[in-house]
Amino acid sequence: MALELRAITKRVEQVTHIKETSLLLEPGRFNVLLGETGAGKTSLIKLMAGLDRVATGQILMDGRDVTGMSPQKRNISLVHQFFVNYPHMTVFDNIASPLRVAGMAKSEIQGRVEAAADVLQLRPMLHRRPHELSGGQQQRTALARAIAKESTAVFLDEPLANLDYKLREELREQLPELFAGRGAVVVYATSEPAEALMLGGRTALMQDGRVTQFGPTAEIYRRPNTLVSARVFSDPPINSAPVTKSGDRVELGHGVGWQLTGPAAALRDGTYTVAIRPNYISPVRSEAAFVPMTGTVQITELSGSESTAHFRLGAETWVSLAPGVHRYHVGEDHEFFMDPAHCFYFAPDGALVA
Amino acid sequence: MRKVNQKGWLFVLPVLLLVAFNALVPMMTVVNYSVQETFGNNQFFWHGLGWFEQILRSERFHAALGRQFLFTAMILAIEVLLGVIIALSMPRKGFWVPFCLVTMALPMLIPWNVVGAMWNIFTLPDIGLLGYVMNHTLGIPYNMTQDPLAAWITVIVMDVWHWTSLVVLLCYAGLVSIPDAYYQAAKIDGASNWSVFRFIQLPKMKQVLTIAVLLRFMDSFNIYTEPFVLTGGGPGNSTTLLSIDLVKIALGQFDLGPAAAMSLIYFAITLFVSWLFYTLMTRHDVK
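Residues numbered from 1 in each chain as written. Chains lettered and ligands numbered in written order. Predicted model: local features only at pLDDT ≥ 70, side-chain atom pairs only at ≥ 80, totals over all residues. Heavy atoms only, no water.

A. Region of the structure containing the overall build of chain B. Assigned secondary structure in chain B consists of 12 helices and two strands. From first element to last, N terminus to C terminus, chain B shows the α and β order α-β-β-α-α-α-α-α-α-α-α-α-α-α. Relative to the compact-globule value of 19 Å for 287 residues, chain B shows a C-alpha radius of gyration of 24 Å, a clear excess of over 25%. Its C-alpha atoms put chain B at 85 × 75 × 30 Å along the principal axes. Looking at chain B as a whole, 39% of its 287 residues qualify as buried. Once local pairs closer than 6 in sequence are excluded, the contacts in chain B between residues at least 24 apart make up 69%. Surface exposure of chain B reaches about 16,500 Å², of which carbon and sulfur atoms provide 72%. When the 16 positive and 14 negative side-chain charges of chain B are each reduced to one mean point, those points stand 17 Å apart. (Helix = DSSP H or I, 4+ residues; strand = E, 2+ residues; numbered from the N terminus. Rg over C-alpha atoms; globule rule 2.2 N^0.38 Å. Buried < 20%, exposed > 50% of the residue type's maximum accessible area, 1.4 Å probe, protein only. Contact = heavy atoms within 4.5 Å. Areas by Shrake-Rupley, 256 points an atom, 1.4 Å probe, with all protein chains shown as cover. Lys, Arg positive; Asp, Glu negative; His and termini not counted. Charge placed at Lys NZ, Arg CZ, Asp CG, Glu CD.)

B. Geometry of the domain arrangement of chain A. Residues and elements named next belong to chain A. Segmenting chain A into domains produces domain 1 (3–232) and domain 2 (239–346). On a C-alpha basis, the centres of domain 1 and domain 2 stand 38 Å from each other. Counting residues at the interface gives eight residues for domain 1, matched by six residues for domain 2. Counting each side, the surface lost to burial between domain 1 and domain 2 is near 560 Å², with a carbon and sulfur contribution of 60%. Looking at the side of domain 1 facing domain 2, the largest losses of area belong to Y221, P224 and L227, adding up to 65% of the total buried there. Along the contact surface separating domain 1 from domain 2 lie zero salt bridges. (Domains from an automatic or database assignment. Buried area = accessible area lost by both parts, 1.4 Å probe. Salt bridge = Lys/Arg side-chain N within 4 Å of Asp/Glu carboxyl O.)

C. How the structure looks around the sheet that holds strand β6 (residues 76–79) of chain A. Residues and elements named next belong to chain A. Taking strand neighbours across the sheet as the criterion, the six strands line up as β6-β7-β8-β3-β9-β10 in an open arrangement whose pairing is mixed. In this open sheet, the two edge strands, each paired with only one partner strand, are β6 and β10 (210–216). Averaged over all neighbouring strand pairs, the angle between strand axes comes to 15 degrees, with direction disregarded. Inspection of the sheet shows strand β7 (residues 153–157) paired to strand β8 (residues 185–190) by five bridges, in the parallel sense. (Pairing = 2+ DSSP bridges. Axes fitted to C-alpha atoms, helices over the stretch in contact; angles between N-to-C directions.)

D. Region of the structure containing the interface of chain B and chain A. Between chain B and chain A, the residue contacts involve 15 residues of the former and 21 residues of the latter. With both chains or domains summed, chain B and chain A bury close to 1,600 Å², and 66% of this area falls on carbon and sulfur atoms. If you look at where chain B meets chain A, you find six residue pairs in polar contact (both at pLDDT 80 or more). Among the secondary structure elements, those contributing two or more residues to the side of chain B that touches chain A are α8 (180–189) and α9 (193–221) of chain B. Counting residues per element, the side of chain B that touches chain A draws most heavily on α8 of chain B, which supplies eight residues. Within the side of chain B that touches chain A, the residues separate by chemical class into 11 nonpolar, two polar and two charged. (Polar contact = N/O pair within 3.5 Å; in protein donor to acceptor, adjacent residues only side chain to side chain. Nonpolar A, V, L, I, M, F, W, Y, C, P; charged D, E, K, R; others polar.)

E. The arrangement of the side chain of T154 of chain B in detail. Residue and element names in this part refer to chain B. Here T154 lies in helix α7 (residues 148–176). At 2.8 Å, the side chain of T154 and the side chain of Y142 are in polar contact. If sequence neighbours within four positions are ignored, T154 has contacts with W119, T123, Y142, M144 and L230.

F. Molecular detail of the packing of aromatic side chains. Applying the stated criterion across every chain, the model contains 18 aromatic pairs over all chains. Look at F311 of chain A and F336 of chain A: their rings are 4.1 Å apart centre to centre, the planes differ by 10 degrees, and that puts the pair in the stacked class. Taken together, the positions of F311 of chain A in strand β17 (residues 306–313) and F336 of chain A in strand β19 (residues 333–338) put the pair 25 residues apart, joining distant regions of the chain. An identical accessibility class is assigned to F311 of chain A and F336 of chain A; each is buried. An aromatic cluster is defined as three or more aromatic residues linked by ring pairs; in this entry it consists of F69, F217, F221, Y266 and F277 of chain B. Positioned over the ring face of Y221 of chain A is R277 of chain A, at 3.7 Å from the centre of the ring. (Phe/Tyr/Trp six-rings, centres within 6.5 Å; stacked < 30°, edge-to-face > 60°. Lys NZ or Arg CZ within 6 Å of the ring centre and 35° of its normal.)

G. View of the pattern of salt bridges. Within the structure shown, the criterion is met by 18 salt bridges over all chains. A salt bridge links R112 of chain A to E108 of chain A; the nearest nitrogen and oxygen atoms lie 3.6 Å apart. Note that R112 of chain A and E108 of chain A are positioned in helix α4 (residues 106–119) at a spacing of four residues, about one turn of the helix. On the basis of relative accessibility, which here comes to 39%, the residue E108 of chain A falls in the partly exposed class. Residue R123 of chain A pairs with D118 of chain A through a salt bridge whose shortest N-O separation is 3.0 Å. Taking relative accessible area as the criterion, R123 of chain A reaches 40% and is therefore assigned partly exposed. Judged by its relative accessible area of 42%, D118 of chain A falls in the partly exposed class. Overlapping salt bridges, with partners in common, bring together E79, D159, R216 and D219 of chain B in one network.

H. Inspection of the environment of T270 of chain B at higher detail. Residues and elements named next belong to chain B. Topologically, T270 is positioned in helix α12 (residues 256–282). Taking the C-alpha atoms as reference points, T270 and F217, 53 residues apart in sequence, are found 8.5 Å from one another. Once you skip the residues sitting within four places of it in the chain, T270 turns out to touch F217, M218, F221 and N222. Of the polar contacts made by the side chain of T270, one reaches the backbone oxygen of Y266; its length is 2.8 Å.

I. A look at α9 of chain B. The terminal C-alpha atoms of α9 of chain B, which comprises 29 residues, lie only 35 Å apart, well short of the 42 Å expected from a rise of 1.5 Å per residue. When the local axis directions of α9 of chain B are compared, the greatest deviation, roughly 50 degrees, occurs at L202 of chain B, which is followed within four positions by the proline P203 of chain B. (Expected span 1.5 Å × (residues − 1). Bend = angle between axes of the 7 residues up to and from the residue.)

J. Layout of the side chain of S238 of chain B. Residues and elements named next belong to chain B. Looking at the element boundaries, S238 is found in the loop between α10 (225–230) and α11 (242–252). A polar side-chain atom of S238 sits 2.7 Å from the main-chain carbonyl oxygen of P235. Non-local contacts of S238, meaning those with residues more than four positions away in its chain, are made with R67, P148, W152 and G233.

Structure below.
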């Protein structure tokens, strides 16, 4: 079973919400939709689920055209960011509701609901009502409904966003194994890059109603194909600045420049945009190849064992994220060191060139 | 040891005074009248529970109370049902929403005595639009000043016209507060329209419906102005509801004692039925 989008678009009153998108989503691994709020993740999910109609293009499930089919016939499940359960029904009835609508035999419903409840540790809560449950339990009920239904596609639209930190961690760990081996296509929308990395699988980066890149999550993180993709998939935000290349050197200005090695050295001379993740800029020069850059410290944050500093260099604000506790003085100049081996170079049109 | 701060009383005092003057004092005056007999000259004689006994045994009271319950039951049944149906069929987003809301709110903005007067003129057989069309165009004899049935129908239609909007607006508020996600879930489950109503919309409307029923019960049970202006309780006594009868006794006949006793009985019934409704409609709610 695979879910395929062929050049689909979505328009609402002449405004394009989803620009032409083609994707082939496969079962077995998580398919993560990563993008900021408003990037079109929910719109895309609604199209795949059949809650909205595409303007153009085709949606295929297992090679079968389902473009005009109702959500019920597509046999899908959708778990929302906030907890959607029928308020006056018990947890059991909530999990059983799609099976009952489908007219399944009572004994089979019983078996399926209990199996799903066991997986999600809801057995003791089966006879409670949603408002007697914690947020985590309510969301697990919604997940159990998706599992009991044995849907061919499961859409999780930021399902952990409304849970508190600990529960989120716990449930995120469980999620991949929960759906492993069920043969369903799992689509998981999130706005947090870290979440995509933890879930693994494949990631589709979304920006302005468009999928900018799709592929194995780690690979995309290592090689974003455009500056936009790099920005979407970086938290804290990736640093970027214009540079001039001539010969085997690039100059950032303000006395910062470095020697190029590898494919970047082979680039034609001209202006490029360099981008580097904050964790490759450190106040410590651990290698001789690191490029020194001095900037005025503006904001500092200390989160546990990591130090973040925002510093100004010319027109750009740079962010450094380094392990360990470092002392910065706001308003004073501080020397940072950048690892040039982890720089991305983008052409003026935004495409990755090295 | 906790120190008790007596300043709290200062804060409660204004409300206490207000409530005393607008509720407790007038009510105690009524209680005072209800146990005494007066022949004017500000002379009062103790009469015990005599007035209460007289009212409770009076056929006139029974008849008015019966009419009152009939009226309230009918308008509640019609207005709640109609209100829910209209609220369900109103658009939930888009251009027509403000139009529908304002149209719905209009009847409620009209003063009660104007509503009565409006309907009175509306139904006049010779010059009223409704009266004329019924009698002269459609050929259906309709004169609510002579025919008790016509009077009843008119009073009820008038109340439905005036107050269904309240139920509509309350239900509508309940409906729009349902997140889209619930409808999506129902769509994915393939639930029928009836299931969506029964399991998503009705539970969400239940609380506002409780308020709507309570408000409409109390208002309709105490209704005075509109039927008084429309029919004056007639023809005969056919539309003399409790409040109209009460005013007749108190101000028409100036029987202060019986009127006071009747007021208290009236009040007790209103209170009891309101409590009953509230308890019945919220008994399944879990805290």
